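# Observations on chain architecture
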Amino acid sequence: MTTKTESRGATALPLNSILAGDSVAQMRKLPDACVDLVFADPPYNLQLRGDLHRPDNSRVDAVDDDWDSFESFRKYDQFTRAWLKQARRVLKPGGAIWVIGSYHNVYRLGAELQNQGFWILNDVVWRKSNPMPNFRGKRLTNAHETLIWASKSEGAKYTFNYEALKALNEGVQMRSDWVLPICTGHERLKDETGAKAHPTQKPESLLHRVLLGTTNPGDVVLDPFFGTGTTGAVAKAMGRDFIGIEREAAYRKAATARIAQVRPYDREALQVSTSKRAEPRVAFGVLVERGMLRPGEVLQSMNGRHRAKVRADGTLVATEIKGSIHQVGAQLEGAPSCNGWTYWHFRRDGVSLPIDMLRQQIRAEMAGD
C-alpha cells in the first residue's frame, strides 16, 4: 500500500489498497476533495423471487447474495443517498462520477445524483454482445446496462479525453452506445471450487474505456463497491492510483491476488491522442527567432496563388497587406479566417512544406524537456 498526502497536515490517502468494510463508513474516513474519479457499481437490488432455471431445468447462477437484498425501495434509496453523499464529498471540484446499473435501479440512481447536485453529462448504454438469454421467455432479453457519467456540479470542469476515445473508435467520434462483451473466459475469476468468484464481474474493456476517456495518469480513482477488483486492475495497468472499498472478505482476497499480477504499461504506452488546442502554444515569431525561417524569406500559399515575405517581428507582408500569418492569408483569400500554419508553405531543397512542420518540431522539443 502507498499513501499520498494532498497538503501539509492532511490525511494520507490509502492509495492502491482495498479497505475492508462498509462503503459509507470507509468513505467517511477519507478527506474532502481527494479523488479525481468515482466508479461505482453498487448493488442493483434485483428483487429476485425464487430460483431461476434454464429450459433443461439446470439452475442459473444468478445474483442472490445478501449484499444485493433490500427489504424495500425506501431502504435502497436511503442506502443510495448515503453513499452518493460521501462520494460527492470526496470528489475534487473537477472530479466526476460513473455509476452503472440495470433497469432495476438506474432510474433511482439518476434521480439521486441530480438531487445531490451532480450534473449528468451522458448516459451510456453498454450493449452486451453476448447477453444471458431470458430463460422464462416472459420478457425481452436484458441485453444492456446503463452507465451515468456526471460532474460534481453544473459548470464544473472535468476530464474528457475526446481525441483518445475518437482514436480508440477508429477515428470516429465515440458514441454513447458501447458494444462490449460481458466478462467470460480467461478474464472471469473462479474460486477454489471452480464457481464464479463474483456474479457480476465487469469486463476490463468497460473500465479501460471509462478510465482512458475520463482520467489521466496519476489520477486517483475510488471504487466504493470494489468486488473482485476490475477497477483496480485496470487502474494499475493504466498508471492511475486506486482506492477500493469492499466488505466481503472473499472478494477482497480475489481482488488482491488479481491486482498483484498486473504489470503497469510503460509511460510511452500511456500517452494518448490530444486535441490541437491541448498542445503547447508556439508563436510564428519563435520560428523566426530560432532561425528556422529568416526575415526576408518568401512564403507561398498552399494553392500557389499568393506570396508573402517574412518580417523580423514574426509578421508577413504581401504588397499592401501586413499582419499575422492568419490575417494576411485571410485577406488574400477574401475569407473571414485562415489557418496560417497550414496555408503558408516554405521551400527546402526544392520541396514545398507547410510551416506547421516547423511548429511541430518545436513542440516535440518542448515535450522532451
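Look above for the structure.
Cut-offs and rules
- Residues numbered from 1 in each chain as written.
- Predicted model: local features only at pLDDT ≥ 70, side-chain atom pairs only at ≥ 80, totals over all residues.
- Heavy atoms only, no water.
- Helix = DSSP H or I, 4+ residues; strand = E, 2+ residues; numbered from the N terminus.
- Buried < 20%, exposed > 50% of the residue type's maximum accessible area, 1.4 Å probe, protein only.
- Contact = heavy atoms within 4.5 Å.
- Areas by Shrake-Rupley, 256 points an atom, 1.4 Å probe, with all protein chains shown as cover.
- Salt bridge = Lys/Arg side-chain N within 4 Å of Asp/Glu carboxyl O.
- Core = buried A, V, L, I, M, F, W, Y, C linked by side-chain atoms within 4.5 Å.
- Phe/Tyr/Trp six-rings, centres within 6.5 Å; stacked < 30°, edge-to-face > 60°.
- Pairing = 2+ DSSP bridges.
- Polar contact = N/O pair within 3.5 Å; in protein donor to acceptor, adjacent residues only side chain to side chain.
- Axes fitted to C-alpha atoms, helices over the stretch in contact; angles between N-to-C directions.
- Parallel < 35°, antiparallel > 145°, perpendicular 65-115°, else oblique.
- Left-handed = near helix turned anticlockwise from the far one by under 90°.
- Nonpolar A, V, L, I, M, F, W, Y, C, P; charged D, E, K, R; others polar.

### Some remarks on the overall build of the protein
From N to C terminus, the protein includes 12 helices and 16 strands. Each of the 369 residues in the protein was classed as buried or not, and the buried ones make up 43%. Long-range contacts, defined here as pairs at least 24 residues apart, represent 66% of the contacts in the protein between residues at least 6 apart. Surface accessibility of the protein: about 20000 Å² in total, with carbon and sulfur atoms responsible for 49%.

### A few points about the pattern of salt bridges
Taken as a whole and judged by the stated rule, the model has 13 salt bridges. Lys202 is the salt-bridge partner of Asp41, the closest N and O atoms lying 2.9 Å from each other. Note that Asp41 is positioned in the loop between strand 4 (35–40) and helix 2 (73–90) and Lys202 in the loop between strand 8 (177–180) and helix 5 (204–214), a separation of 161 residues in sequence. By relative accessible area, which is 15% here, Asp41 ends up buried. Note on Lys202: relative accessible area 6%, which makes it buried.

### Details of the nonpolar core
Within soluble globular proteins, side chains that are nonpolar generally end up buried alongside one another. Judged by nonpolar contacts, the single largest core of 33 residues is most densely connected at Trp98, Leu147, Trp178, Leu206, Val210 and Leu211. Of all the elements, helix 5 adds the most residues to this core, at 5 residues. Residues in contact with Leu147, not counting those within four places in the same chain, are Phe39, Trp98, Val99, Ile100, Asn122, Asp123, Val124, Trp126, Leu206 and Val210. If you look at the next biggest cluster of nonpolar residues, it comprises 30 residues, including Tyr76, Trp83, Ala87 and Leu109.

### Points about the packing of aromatic side chains
What characterises a pair of aromatic rings is the spacing of the ring centres plus the angle enclosed by the ring planes. In this structure the tally under the stated criterion is 11 aromatic pairs. A centroid spacing of 5.5 Å and a plane angle of 90 degrees characterise the contact between Trp149 and Tyr158, whose relative ring orientation is edge-to-face. Residue classification places Trp149 among the buried positions, given a relative accessible area of 5%. Taking the relative accessible area as the measure of exposure, Tyr158 reaches 38% and is therefore partly exposed. Ring centres of Phe226 and Phe242 lie 5.6 Å apart, and the angle between their planes is 15 degrees; this geometry places the pair in the stacked category. Of this pair, Phe226 sits in the loop between strand 9 (220–223) and helix 6 (230–237) while Phe242 sits in strand 10 (residues 241–246), and the two are 16 residues apart along the sequence.

### Observations concerning the pairing of strand 10
By the criterion of burial, strand 10 is predominantly enclosed, with 6 of the 6 residues buried. Here strand 10 shows no split at all, with Asp241, Ile243 and Ile245 on one side and Phe242, Gly244 and Glu246 on the other all buried. In the sheet, strand 3 (residues 17–20) pairs with strand 10 via 4 bridges, with the strands oriented parallel. What sits directly across from Leu19, in strand 10, is Ile245.

### Focus: the environment of Tyr251
Residue placement: Tyr251 occurs in helix 7 (residues 249–260). Separated by 22 residues in sequence, Tyr251 and Gly229 have C-alpha atoms that sit 8.0 Å apart.

### Some remarks on the side chain of Arg240
Mapped onto the secondary structure, Arg240 falls in the loop between helix 6 and strand 10. Of note is the side chain of Arg240, whose polar atom sits 3.3 Å from the backbone oxygen of Leu211. Here the side chain of Arg240 touches Met238 through a polar contact of 2.6 Å, landing on its backbone oxygen. Those residues in contact with Arg240 that lie beyond four places of it in its chain are Asn16, Leu211, Leu212, Thr215, Asn216, Pro217, Gly218, Asp219, Val221, Ala235 and Leu270.

### Structural notes on the environment of Ala164
Locating Ala164 in the fold gives a position in helix 4 (residues 162–168). On the basis of relative accessibility, which here comes to 5%, the residue Ala164 falls in the buried class. Between the C-alpha atoms of Ala164 and Val272, which are 108 residues apart in sequence, the distance is 5.6 Å. Setting aside chain neighbours within four positions, we find Ala164 in contact with Leu212, Val272 and Ser273.

### A few points about the packing of helix 6 against helix 7
Their axes nearest at 9 Å, the elements helix 6 and helix 7 cross at an angle of 15 degrees. The angle between helix 6 and helix 7 places the two elements in the roughly parallel class. For the pair helix 6 and helix 7, the sense of crossing is right-handed. Facing Thr230, Gly232, Ala233 and Lys236 of helix 6, the residues of helix 7 in contact are Arg258, Ile259 and Ala260. Its residues assigned to classes, the contact of helix 6 with helix 7 shows 3 nonpolar, 2 polar and 2 charged.

### Description of helix 6
In terms of burial, helix 6 is largely enclosed, as 7 of its 8 residues are buried. Structurally, helix 6 contributes buried residues whose contacts are with strand 4, helix 5, strand 9, strand 10, helix 7 and helix 8 (267–270). Directly after helix 6, the chain includes Gly239, whose backbone phi takes a positive value near 75 degrees.

### Some remarks on the sheet that holds strand 15 (residues 344–348)
Pairing in this open sheet of 6 strands is antiparallel, and the strands run 14-13-12-11-15-16 from one edge to the other. Pairing within the sheet leaves two strands with one partner each, and these edge strands are strand 14 (321–323) and strand 16 (351–354). For this sheet, the mean angle separating the axes of adjacent strands, direction not counted, is 35 degrees. Two elements, strand 12 (residues 307–310) and strand 13 (residues 316–318), share 2 bridges in a ladder whose sense is antiparallel. Each residue of the ladder has a partner; that of Lys309, found in strand 13, is Val317. The strands touched by helix 10 (residues 325–333) within the sheet are strand 12, strand 13, strand 14 and strand 15, with strand 14 carrying the most contacts at an inclination of about 150 degrees.

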